[in-house]
Structure formats: structure tokens, C-alpha cells
Amino acid sequence: MVSKPLLRFIILRIATYILTIFTAFTFIFLLLKSMPVSAVENILAGLTVQGQVIDPKAIIELRNTLYEVFGLTGSPVEQYFRYLRRFLTLDFGPSIMSYPTPARELVMSRLPWTISLLTFTTILSWILGNIIGVLASTTRKRKISKILVGLSLTLYPIPYYIMALVLIFLLCYLIPIFPLVGGFGAVSITDVVSLIKDWLYKSALPALSIILISMFGWWFLSSYSLALNTQTEDYVYYAMLRSLPESRILKNYILRNVLLPQVTGLGLALGGIFGGALLTEILFVYPGVGMLVYRAVLSGDYPTALSILSMSIIAIATATLILDLIYPFIDPRVRHR
Amino acid sequence: MSRTISNLRSILTPLTTLIKTNIKFSTGFTILVILLVLTFLSFVAPPKNQHWYSYPKNLAPSLTSIDLILGTTANGRSVFWTLTTAIRNSFLIGIITALIAPHIGLIIGIIAGLKGGIVDRILMFITDTIIVIPALMLYVIIIMILRPVISMYGDPIPFMGLIFSITAWCWPARQVRAMVISLREREFILTTTLSGNSMLYIIAREIIPHLLPWHLINFTNTILYAIGSESGLAILGLSILDKDTLGTMIYWMLYYSALFRDLWWWYITPIVGIIMTFAAFFLISQGISEYVNPRLRQR
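Rules behind the numbers
Residues numbered from 1 in each chain as written. Chains lettered and ligands numbered in written order. Predicted model: local features only at pLDDT ≥ 70, side-chain atom pairs only at ≥ 80, totals over all residues. Axes fitted to C-alpha atoms, helices over the stretch in contact; angles between N-to-C directions. Helix = DSSP H or I, 4+ residues; strand = E, 2+ residues; numbered from the N terminus. Parallel < 35°, antiparallel > 145°, perpendicular 65-115°, else oblique. Left-handed = near helix turned anticlockwise from the far one by under 90°. Contact = placed C-beta atoms within 7 Å. Nonpolar A, V, L, I, M, F, W, Y, C, P; charged D, E, K, R; others polar. Buried ≥ 20, exposed ≤ 12 C-beta atoms within 10 Å, placed from the backbone.

Colleague: Looking at this structure, how should I read the packing of helix H3 (residues 79–115) of chain B against helix H6 (residues 156–168) of chain B?
Modeller: Helices that pack against each other are described as a pair by the angle of their axes relative to one another and the distance between those axes. Residue and element names in this part refer to chain B. One way to put it is that H3 packs onto H6 with a least axis distance of 8 Å and a crossing angle of 45 degrees. In this view, H3 runs oblique relative to H6, as classed from their interaxial angle. The handedness of the crossing between H3 and H6 is right-handed. Within the contact between the two elements, H3 uses Asn 89, Leu 92, Ile 93, Ile 96, Thr 97, Ile 100 and Ala 101 and H6 uses Ile 157, Pro 158, Met 160, Gly 161, Phe 164, Ser 165 and Ala 168. Residues belonging to the contact of H3 with H6 are distributed by class as follows: 10 nonpolar, 4 polar and no charged.

As C-alpha cells, this is what we get:
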């Protein structure tokens, strides 16, 4: 079943995967190492200036962690491997802003919020964007298709956080459906129904902004142009000459071929989820990973920020790996001989 | 002299054709001209606008004077003059990045495409790796570390351009490499190689002219990338907050919760500014790509 060339492809691909992660990691390692030595002392000094009371033992522990992360102790080889261990286990020691909770635990507690929001919006906008894109390209002479294309051409270049700001203006200020000042406050887990209601209410605007931008921005435009190209293919022309029903041409001849490259994009987008939608979460005060990064940055919490960065690098690299591995199963034309 | 004129004409002719024939390009170009006029207006902005509370606070837009045409902010500055300076600084960041990153991309792309083999593998591997790292997060970490030293070496605005160049060269490099690989196989390249021309001559006379329009598109896209990254960082409070850019304008209006205070003119101005900037450059790059790739024109 698993042919020899396929096996070789898999092994090579996994090797590239490991190499990619290593290189990304080395890049960050060198970057941190090239920072001024005083950076760590600055961070620690900043803590005492803020008037946070941390006992001396904690300060020493923090200093040790930071020195390791910034590559300031031991020989270069030692530094590299010590940092590598932290990178792979996402263990960057205790978080500074909520000492002594480990940074990793902090990240894990925020992940469900981000994953639930972004998985839902990514998949929904992927499905809708592709379907609307293909439909618009088959009916491209109609007025509605032209309006859609024009709309998405204007939306596409705009950064997503600008769209978020526009939505806040429209839906919180002009037509006040949502509260102007977000903020979760304490979420009570006592009542499941109210939790879900609360979640839906709070997620609605961020979800809407992500869906609007990524559906009309990217998925729509790419599937539209892919479908345009597919329609000029000989096999579609032939299918039309055979006077196959239009729905069948659309489904089996066009949509299927459009979806193939789009699956790659979906995988990459899903891999990117772990980084959180940084700005969307901050603008809508959504308690996800992006918000955590923001708070970590504001309070100079390097352990937390670094563990989120490492996690998203690993996630994106893994997503591309999985995609490449399952691609031969989705696309029968890809053969590894 | 006549050489300069003919060179100038070779630039101006496509430009006028584009403006006349391509509606996307001409729209984009018009918006850009408006923005450039605003940029130049920033040089005559009253110096007192640099300071807070030099105007009455929270004034609604009124046509009584040019200072108040877009109202004033909660920290007593004229929104209009702040906008002109903001556009100038944002453009500066964008152009500095665009002067660095696409050129690095061009060089790396040409080397990778022409040399092939192991050089190509290594260069593309580095490129792909940097693409894997989430750019915004990377900038957040870099700036978090560098913030104390940023303002120590003179004007911090060009510095932002340098930082964005770290990742901005990757996509241009990939694209240029793909173009070079297909160019390499063409007959005219073979002909000049067989004519005994040197590698540098071939690159300068045969390859770069083919890449030029794409390079121009990369140039405009990089401007957008840098302006977008800067405003993203600014919203996080990680840009140079005491300088006016489109991003820091958004930061301050969010910081003072402009909407909550009913200062809609302050809220909407930087957003419209960014949308106009993006629309202008995007339409221009679309226009150029339709000009060089006629297949895109049939819609």
C-alpha cells in the first residue's frame, strides 16, 4: 500500500519539518542573544520600580530563567540546548505578571477561548467564501456578482483591525446593538446557559469582523479567480458540450478543482489560530491568547510572550506538514512515484 | 541631455497610458495625490500642534478655520494637522521599508533563481522559515526589547522601517525567484549566454527589465505592509507614541475612548486615512499588474 517513493516523501517531509522548526528557533535564539545584555536587568529593575513585592528568592529564579532565555549563561552550545529544551516544551518558567503561575499554564487556560472563536470563524468564512466565490464567477455577468467582486476588492487590502474599528463604530456607536465598552469581567461557570449566552454575545462582534474580512477578503477573491481559470479548462467546456446539468458541472467539475488549493490555505489559517487574533481580541476585549500576549507585552512578561510565539511557530509548521502529508489523498493527481 | 529626456519619457508614457486607460490605476493615483497634498500640508502645520492642550479640547468640526475643520482631540490638538503629520510619517515608514526589503528580495530571488541547486535550496529554506514565524508577534517581541533604546539614536521613524524590513523581503524574494526560474529557460537568455556576455550583464540588461514591473508592485505592497504593521503595533501601544503616525493616532483615540466621549470625528479620521492609503496603493498595484499581465484584464 505505502509505496517506496511515498515513504521517502514522508520521511523527507518530516525531516524538512524538523529542520524548519529548528531554523525558526535558531533565528529567534540569535535574535534574543543579539539584544543588549542590560535588557534582563532592565526587566527586573522595571519590576521593582512598579512596586510589585516579590520575595528575593523569586527574583533570583526569574533572573536565572531570563538569563537562560536570553542566552547569557554557560557556553554557547549549552545556551542553545537549554533554550531548545524550553522551546520544545514551551516551558519558559514562571510568568512574571502573575507569578508564580507557569507561563505555559497561563497560555493553556486562554487557548479554549481563542480556539473556539477562531476555528468557528475560519471554517465558516472558508466555506461561505468559497461557495460565494464560485457562484459569483459562474454568474459573473450579473450585477450582484459585480457588486460582490467590487466589495471584496475594496475590503481585501484593508487590515482586519481597521475593519474591527469600523464595525465598532457602526454597531456600537451609530446603531448601538452591542455595548461600547466590552470586557468580560468575571465569568461565572455556575450557570451553563448564561455562560453560553454570554459567550455568544461577546463573540458575535469579533466573529463578525473576522468573517467579513477573511470571507470577502481572501477566500472569496481566491476562489473567484480560481473558478474563472477552471471554467476555461477543456474538460469543463467538454462537459458543457455534453450538456451535463449545470449543477453537476458546478459541483463535480468546478468546485472540486477550486477546493484543492483552497484546502492548503485553510490548513495554514487553522495553524495560525494558535497565535490568536492579536488585535481583534484586544479591540473587542476578548479573553483569548492574543489578549494574553498583549498583557504580557505591557507588563514585560517575556516568558509568556515567548511561549506563545513558540507555540504558534510549532503550530503553523505542523499544519503545513499535515497538509502536505494528506494532500495526495485529497488530490489524486499528486502521486509520489 | 536627450538621453535623460528619453529616459524620462519611457517612465512617463506608461504612466499617462495607465492613468488614461486603467480605471483602477487612475482612481488609486487620484487618492494618492490627495494624500500627498495632505503630506505636503504637514510642513506648514502650526508648530503649536505638536504640544498638547494648545487648542480647546473636544471641539466638533466646524468650517470657521482650517485648524478646526476636523475638530480637536481630547488632548487639545487639531485633528486635521495631526492627520497631515501622521500621513507623512506613515508614508515615510512605508517608503523606507520599501526601499530596503523588496531590493533585498530582488537580489536574493535573482541569486536563488539563477544559481539553482544548493544555493537556491538554502536561500529558499531561510525564506520559508521566516515566513513561518508570525510577523506581528515577532515585531511585538523585538520592539518590546528594543523600546528603551529606540529613541536614543536620533529620529525613531526610519528605525521602524528597518525593523519591518526584517521579514518584508521574504515574499518578494519568493516571487522574484519564481519569475527568474521561468525566465532562465527562455531562448533570449540562452542567446546572450552563448554570446559570451557576463552574468552581471545578463542580470542587468536581460533579467531586471523583465522583473521591473513586478518589482514596482512589490514596492507598493511593501509600503502597505509596513504602514499596516506600524498601525497594528501602534494599537498595541508599541509604536513611537510621541510621534504622529496613522497608527499612533488610532492608539491615542482609543486610549481616550473617543467614541465613549462622542468624539466621532477623532475616531473616524485616522481610520478613513488608513483606508484611503490602503485603497490608493492597492488600486495602483492592481492597475500595474493588469498593465503588465493582460490576462487579468478580461473580467
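The discussion continues.
Colleague: Whenever I open this one, the environment of Gly 133 of chain A confuses me. Can you help?
Modeller: You can see Gly 133 of chain A is positioned in helix H5 (residues 103–138). Once you skip the residues sitting within four places of it in the chain, Gly 133 of chain A turns out to touch Trp 219, Phe 220, Ser 223, Tyr 224 and Ala 227 of chain A.

Colleague: Sorry if this is basic, but what is going on with the interface of chain A and chain B here?
Modeller: When the parts come together, some accessible area is lost, and that loss is often what is quoted as the size of the interface. At the interface, 33 residues of chain A touch 33 residues of chain B. Of all elements in the fold, only helix H1 (4–33), helix H2 (38–49), helix H7 (160–174), helix H11 (278–283), helix H12 (289–298) and helix H13 (302–330) of chain A reach the threshold of two or more residues within the side of chain A that touches chain B.

Colleague: Please clarify how unusual backbone geometry should be interpreted in this entry.
Modeller: Glycine aside, the phi torsion of most residues is negative, and most peptide linkages are trans. Residue and element names in this part refer to chain A. Unlike most non-glycine residues, Ser 243 shows phi in positive territory, near 50 degrees. If you trace the backbone, Ser 243 turns up in the loop between helix H9 (234–241) and helix H10 (246–272). Owing to 8 C-beta atoms within 10 Å, Ser 243 belongs among the exposed residues under this scheme.

Colleague: For this particular structure, what's the right way to read H9 of chain A?
Modeller: Residues lying three or four places apart along an α-helix face the same way, a consequence of the helix completing one turn every 3.6 residues. Within H9 of chain A, only 0 of the 8 residues are buried, leaving the element largely exposed. Directly after H9 of chain A, the chain includes Ser 243 of chain A, whose backbone phi takes a positive value near 50 degrees.

Colleague: So what exactly am I meant to see when it comes to the packing of H3 of chain B against helix H9 (residues 199–235) of chain B here?
Modeller: Residues and elements named next belong to chain B. Look at H3 against H9: their axes get within 7 Å of each other, and the N-to-C directions meet at 140 degrees. One element, H3, and the other, H9, form an angle in the oblique class. At the point where H3 passes H9, the crossing takes the right-handed sense. Where H3 abuts H9, its residues Ser 90, Ile 93, Gly 94, Ile 95, Thr 97, Ala 98, Ala 101, Pro 102, Gly 105, Leu 106 and Ile 110 lie against Ile 203, Ile 207, Leu 211, His 215, Asn 218, Phe 219, Thr 222, Ile 223, Ala 226, Ile 227 and Glu 230. Of the residues belonging to the contact of H3 with H9, the class tally is 14 nonpolar, 7 polar and 1 charged.

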